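# Notes for the structure review
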Amino acid sequence: PHDLNCLTIAELAKHAELRMVKQTRDYYNEGADSGSTLLENSTAYSKYRIRPRVLRDMSLIDTSVSIWGARNSVPIGVAPTAMQCLAHPDGEVATAKACKEAGVTMGLSSFATSTLEDVASGLNGHPLVLQLYLFEEREHSRKLIQRAKKAGYKAVFLTVDTPMLGRRNMEIRNQFELPKPYKIANFVDDSTSSASEMVMGGSTPESVQGEEKKSTSTKGYYDRKIRQAPTGPITFHTHAPNPTLSWERDIGWLKEQCSPEMEVWVKGIATAEDTYLAVRHGVDGIVVSNHGGRQLNGALATLDALPEIVEAAKGRIPVHVDGGIRHGTDVFKAVALGADFVWIGRPVLWGLAYKGQEGVELCLRLLSDEFRLCMGLAGTVKVEDITKEYLVKIDKSGF
Ligand code: FNR
């Protein structure tokens, strides 16, 4: 049955807009700086057109794919987005129930407003992924990883595009804060304490001390290489960004912590070079992402980055993509360009704002129905059949 008030993701965005307060709306919808990468994530899809094939018996279409040992009804998952209680009081728990209902996997943000245990309970092993911001004080991350293992999460997605937080001007102007009574649920009892430690990204303790001395005498506060590890309560703004993360030091550590129960993926890959490194460091998969245009504005749209990454991965690890996907035909195009799977961010938040769990189900149903219809009209009955032969790139973009 259709919701006659809402037949497209664009209509869902409008409904959500009316239901969210300004602070939430801006926080969810904004991109970094001018927002050009946010926009291009979507418009990149219009540079490709589909070459449909006909007379192929489309009576039996299978849209499903296998992921983490389970069938996913479509090659679509729900991307991790922070603080979903802002959209609806049921927050991440409602999103998870909708995912189970739709047969799609869900990524839970470290900065969720529900605990990872609450989200997992009642899902009966339905696949979940924990998105990780690896903190400078690793003990907190270690504890979180252990909890995720225990709760049956299949993988962690280490977000790697946030050494610093991107510049989001509406968020700054609104002085965005999580309103009471909501909490960053996974860390309610935690706070970090390395108050007086000076740290420098990627350096040895000796060189840190050397720099520290120099800084107090000559360079002081304005030496951007010297910085203080965050302290106090764990909040998104203080603890999500971690400029010290590196391939050498952190990926091996993370794999040790997660194995053997959980896979380690990196989310936020944008180049072939980093794809080679991801393979070399033994990650289980990558997500091509620019954080929904919220980090480096001016970065390539993810669909435009995808081909070089698929080529570099050479099938050795799975390649997923997110950013700007607003229609089932976008899913088809991403898969045709070599993505094994896609993740959806904002449209799910809009669904949640519109009608809680039911709204997320609606969002997933719209995208799934559109994807299925696209497969049928393009002449493909299996997801594996969707290849770049089905696409042509055109010169002008525009819808
Ligand atoms: C995000 N995203 C994100 N990513 C992440 O790794 N951890 C997080 O906590 C968040 N939080 C978050 C909040 C909000 C409001 C948005 C919009 C996005 C990024 C997210 O996982 C994904 O990469 C993008 O949302 C995908 O782009 P679309 O589908 O929103 O265009």
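All of the points below concern the structure found in this document. These numbers come from a predicted model, not from an experiment. (Residues numbered from 1 in each chain as written. Predicted model: local features only at pLDDT ≥ 70, side-chain atom pairs only at ≥ 80, totals over all residues. Heavy atoms only, no water.)

## Notes on the site of the ligand
Around the ligand sit 23 residues, and of these Pro80, Ser109, Thr159, Asp322 and Arg326 come closest. A distance of 2.9 Å separates an oxygen atom of the ligand from a polar side-chain atom of lysine 267. Between an oxygen atom of the ligand and a side-chain N or O atom of serine 289, the distance comes to 3.3 Å. Taking 600 Å² as the accessible area of the ligand by itself, protein coverage stands at 99%. Contributions of two or more residues to the shell around the ligand are made by helix H2 (22–29) and helix H14 (346–378). Looking at side-chain class alone, the shell around the ligand contains eight nonpolar, 10 polar and five charged residues. (Near = heavy atom within 4 Å. Polar contact = N/O pair within 3.5 Å; in protein donor to acceptor, adjacent residues only side chain to side chain. Areas by Shrake-Rupley, 256 points an atom, 1.4 Å probe, with all protein chains shown as cover. Helix = DSSP H or I, 4+ residues; strand = E, 2+ residues; numbered from the N terminus. Nonpolar A, V, L, I, M, F, W, Y, C, P; charged D, E, K, R; others polar.)

## Section: the side chain of asparagine 242
Within the element layout of this structure, asparagine 242 appears in the loop between helix H9 (236–239) and helix H10 (247–258). By relative accessible area, asparagine 242 is classed as buried at 4%. Within the local environment of asparagine 242, its side chain forms a polar contact with the backbone oxygen of leucine 134, the two atoms lying 2.8 Å apart. In contact with asparagine 242, not counting residues within four places along its chain, are Leu134, Phe135, Glu136, Thr162 and Pro163. (Buried < 20%, exposed > 50% of the residue type's maximum accessible area, 1.4 Å probe, protein only. Contact = heavy atoms within 4.5 Å.)

## Structural notes on the packing of aromatic side chains
Considering all chains together, one arrives at 15 aromatic pairs under this definition. Where phenylalanine 111 meets phenylalanine 135, the ring centres are 6.1 Å apart and the plane angle is 55°; that geometry is what we call tilted. Placement of the pair is phenylalanine 111 in the loop between strand E5 (106–108) and helix H5 (116–120) and phenylalanine 135 in the loop between strand E6 (128–132) and helix H6 (138–150), with a sequence separation of 24 residues. As far as the burial class goes, phenylalanine 111 and phenylalanine 135 line up, both buried. The rings of Trp68, Phe157, Trp265, Phe341 and Trp343 are connected pair by pair, giving a single aromatic cluster. Directly above the ring of tryptophan 253 sits arginine 138, whose terminal nitrogen or CZ lies 4.6 Å from the centroid. (Phe/Tyr/Trp six-rings, centres within 6.5 Å; stacked < 30°, edge-to-face > 60°. Lys NZ or Arg CZ within 6 Å of the ring centre and 35° of its normal.)

## A closer look at the nonpolar core
Of all hydrophobic cores here, the largest spans 113 residues; its most connected members are Phe111, Leu130, Tyr153, Leu254, Val266 and Ile286. Among the elements that make up this core, the one with the highest residue count is H14 (16 residues). Beyond its immediate stretch of four places on either side in the chain, phenylalanine 111 contacts Ala82, Met83, Tyr133, Phe135, Ile184, Phe187, Ile234, Thr235, Phe236, His239 and Ala240. (Core = buried A, V, L, I, M, F, W, Y, C linked by side-chain atoms within 4.5 Å.)

## Examining the pattern of salt bridges
In this structure the tally under the stated criterion is 10 salt bridges. Arginine 249 is the partner of aspartate 250 in a salt bridge, and the nearest nitrogen-oxygen pair spans 4.0 Å. (Salt bridge = Lys/Arg side-chain N within 4 Å of Asp/Glu carboxyl O.)

## Points about the pairing of strand E14 (residues 319–322)
In E14, alternate side chains face the same way, and those of Val319 and Val321 on one face and His320 and Asp322 on the other are all buried. With three bridges connecting them, strand E13 (residues 285–288) and E14 associate as parallel partners. If you follow isoleucine 286 over to E14, its bridge partner there is valine 319. Running through helix H12 (residues 302–313), the crossover from E13 to the neighbouring parallel element E14 is right-handed. Sheet analysis places E14 next to strand E15 (residues 341–344), joined by three bridges and oriented parallel. Looking at the pairing, aspartate 322 lines up with tryptophan 343 of E15. Viewed along the sheet, the connection from E14 through helix H13 (residues 328–336) into E15 turns out right-handed. (Pairing = 2+ DSSP bridges. Right-handed = clockwise from strand over helix to strand, strands pointing away.)

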